[in-house]
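For reference, the chains in residue letters:
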Amino acid sequence: MAILNNKFATSLWPIAVFAPASAYAQPSVNYDDLASLEEPLAFEIGAATVEVKGVVDVPVTLEIEDGVHFGDVGVGFTGNFEVNAEMQLGNRWNVGVAYFGQYAENVDDYTDNVAGYIRTSWGTLVGGNVGGLVRESTRRRRGVGHAALAYDDFYGSIGRWGGGYSGRFGPVIVTGIVDGDGDFEVGAEYQRPLGSKDYRFATRFGRSHYLTPDGLANLQTTSVGAVGEVIFGSSLFDLGISYENFDGGGINVDRWFVSGGGQTKVGSFSLSAGGHYGELDGTSEASAAVGIGYDIARGLSTNLGLNARRARVARGGIQIIDDEETSATASVRYSF
């Protein structure tokens, strides 16, 4: 993360450091925790402008359970890239396509997302693997390094394929996505500086489905959440609260949760910490995440993360969630 100095810049640069790419502009189809912080490489091919960015990460992960088990140490490789190609038509509309691909060596799996869009002065129409766009525009900030706060999202989600709209109305960005099954998410984000601080508020509502880990039930979910954020100097603090209802398979249960945290930049070091607590039908879920990053050179960094999570809930013979893990991860990362 690049940092500026002097009083005037202090009131402006946090917005550039922490603010996400606007959903009103070129849509990003990278919904993963591993995202590049660098400006994309840009070049022209004919009438199209092409932007490319990506990350190469070599992590060493240690799983911890009732003490340290050295046999659970794993070394892996993860690499991803995102390409966005856009051109302007004679009527000043911009048409483009975005593609994201990621390979994770530890699971030998390649995943990708693709989306096309038309951007006009009235907003952007998008279609493709856009199921994560509303989440990305309204979520709490990602943690530093390998900090990944578990459960800080709805359990239910809409399908990968769908279409929708994103538009800016003054300081507010509104985004709505509908998938092929009629599930949907809508969200709104407001962000403005006030004095030496920058404030951001976001809300999200959705109707979707959640397939339980045991595969016995596909529950319909109704979810609503809100996030508040303040940036001051080189520090960011945010808090999110959400509610989710599960219905189907003979059960009807409610879930609520609160997640919060902060992150800061001190010289070449970046630090973040976050915590989560929630209850699903009276049974608790909890997680915590701490991350540290050190900038070696432009795009090159070392990263650490300690993550812990626990949630086990069963109702009516259906395992709604069964998850417990504590792990520490260190890596060398290059972003471009």
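You'll find the structure just up there.
Scoring rules and cut-offs
Residues numbered from 1 in each chain as written. Predicted model: local features only at pLDDT ≥ 70, side-chain atom pairs only at ≥ 80, totals over all residues. Heavy atoms only, no water. Core = buried A, V, L, I, M, F, W, Y, C linked by side-chain atoms within 4.5 Å. Buried < 20%, exposed > 50% of the residue type's maximum accessible area, 1.4 Å probe, protein only. Helix = DSSP H or I, 4+ residues; strand = E, 2+ residues; numbered from the N terminus. Contact = heavy atoms within 4.5 Å. Salt bridge = Lys/Arg side-chain N within 4 Å of Asp/Glu carboxyl O. Pairing = 2+ DSSP bridges. Polar contact = N/O pair within 3.5 Å; in protein donor to acceptor, adjacent residues only side chain to side chain. 1 Å grid on protein atoms, 1.4 Å probe; cavity = no way out; pocket = protein on both sides within 12 Å on 5 of 7 lines; lining within 4 Å. Points joined across faces, edges and corners; volume = space filled by probe spheres on them. Nonpolar A, V, L, I, M, F, W, Y, C, P; charged D, E, K, R; others polar. Phe/Tyr/Trp six-rings, centres within 6.5 Å; stacked < 30°, edge-to-face > 60°. Patch = residues over 30% accessible without salt bridge, like charges linked within 9 Å, V, L, I, M, F, W, Y side chains within 5 Å. Areas by Shrake-Rupley, 256 points an atom, 1.4 Å probe, with all protein chains shown as cover.

**Structural notes on the nonpolar core**
Next, step 1: Core analysis: the largest hydrophobic core is formed by 15 residues, its most contacted members being Y151, Y155, Y210, F246, L280, I320 and I321.
Next, step 2: The dominant element in this core, judged by the number of residues it contributes, is strand β18 (residues 318–335), at three residues.
Next, step 3: With residues near it in sequence (within four places) discarded, Y155 still touches Y210, E244, F246, R255, L280, E285, A311 and I321.
Next, step 4: Among the nonpolar cores identified, the runner-up in size contains 11 residues, and V29, A115, V130 and V134 belong to it.

**Examining the pattern of salt bridges**
Next, step 1: If you walk through the whole model with that rule in mind, you get 21 salt bridges.
Next, step 2: With a shortest N-O distance of 3.5 Å, D153 and R135 are connected by a salt bridge. Pair noted here: D153 is in the loop between α3 (133–138) and β8 (161–169) and R135 is in helix α3, with a separation of 18 residues, a long-range link.
Next, step 3: One salt bridge connects E325 with R309, and the closest N-O pair in it is separated by 3.7 Å. Note that E325 is positioned in strand β18 and R309 in strand β17 (residues 300–315), a separation of 16 residues in sequence.

**A look at the pairing of β8**
Along a regular strand, successive side chains alternate from one face of the sheet to the other.
Next, step 1: Sheet analysis places strand β7 (residues 123–129) next to β8, joined by six bridges and oriented antiparallel. Each bridged residue has a counterpart across the sheet, and for L125 the counterpart in β8 is Y165.
Next, step 2: Relative to strand β9 (residues 172–179), β8 runs antiparallel, the two being bridged by eight bridges. Residue pairing in the sheet places R168 in a bridge with I173 of β9.
Next, step 3: From the end of β8 to the start of β9, which pair antiparallel, there are two residues, and G170 there has a positive phi angle of about 65°.

**A closer look at the environment of E324**
Next, step 1: Within the secondary structure layout, E324 lies in strand β18.
Next, step 2: E324 sits 14 residues away from R310 along the chain, and the two C-alpha atoms are 4.2 Å apart.
Next, step 3: Of note is the side chain of E324, whose polar atom sits 3.3 Å from the side chain of R312.

**With respect to the pairing of strand β6 (residues 109–120)**
Next, step 1: Sheet analysis places strand β5 (residues 94–104) next to β6, joined by 11 bridges and oriented antiparallel. Note that in β6 the partner of A98 across the bridge is A115.
Next, step 2: Following β5, the chain reverses through four residues before pairing antiparallel with β6; D108 in that reversal takes a positive phi of roughly 50°.
Next, step 3: Bridge count between β6 and β7: six bridges; the pairing is antiparallel. Directly across from R119, in β7, lies its bridge partner T124.
Next, step 4: Where β6 folds back onto β7 in an antiparallel hairpin, the turn is made up of two residues.

**Some words on the environment of A148**
Next, step 1: For A148, the location among the structural elements is in the loop between α3 and β8.
Next, step 2: Judged by relative accessible area, which is 30%, A148 ranks as partly exposed.
Next, step 3: Along the backbone, A148 and A273 are 125 residues apart, and their C-alpha atoms lie at a distance of 9.6 Å.
Next, step 4: The contact partners of A148, leaving out residues within four places of it in the chain, are D33, A289 and N307.

**So, empty space enclosed by the protein**
Next, step 1: If you walk through the whole model with that rule in mind, you get one cavity of 30 Å³ or more.
Next, step 2: Computed from the structure, the largest cavity encloses a volume of approximately 160 Å³.
Next, step 3: In terms of lining, the largest cavity is formed by 17 residues, of which the most central are R135, T138, R204, V227 and S242.
Next, step 4: For the lining of the largest cavity, the elements supplying multiple residues, two or more each, are α3, β11 (197–211), β12 (218–232) and β13 (235–248).
Next, step 5: Of the residues contributing to the lining of the largest cavity, the split by class is six nonpolar, five polar and six charged.

**Focus on the packing of aromatic side chains**
Next, step 1: Using the criterion set out here, one finds eight aromatic pairs in the structure.
Next, step 2: Geometrically, the ring pair formed by F81 and Y99 is tilted, given 5.9 Å between the ring centres and 40° between the ring planes. On the criterion of sequence distance, the pair formed by F81 in strand β4 (residues 78–88) and Y99 in strand β5 is long-range, its members being 18 residues apart.
Next, step 3: Judged by its relative accessible area of 30%, F81 falls in the partly exposed class.
Next, step 4: Overall, the relative accessible area of 25% leaves Y99 in the partly exposed class.

**Regarding a nonpolar patch on the surface**
Next, step 1: A grouping of V186, F205, V224, L239, I241, Y243, W256, V258 and Y277 is seen on the molecular surface, where their side chains present a nonpolar patch of about 760 Å² in accessible area.
Next, step 2: Counting residues per element, the ones that place at least two in the nonpolar patch are β13 and β14 (251–266).
Next, step 3: Ranked by residue count, the leading element in the nonpolar patch is β13, at three residues.
Next, step 4: Structurally, I241 can be placed in strand β13.

In short, shape yes, function no, at least from these values alone.
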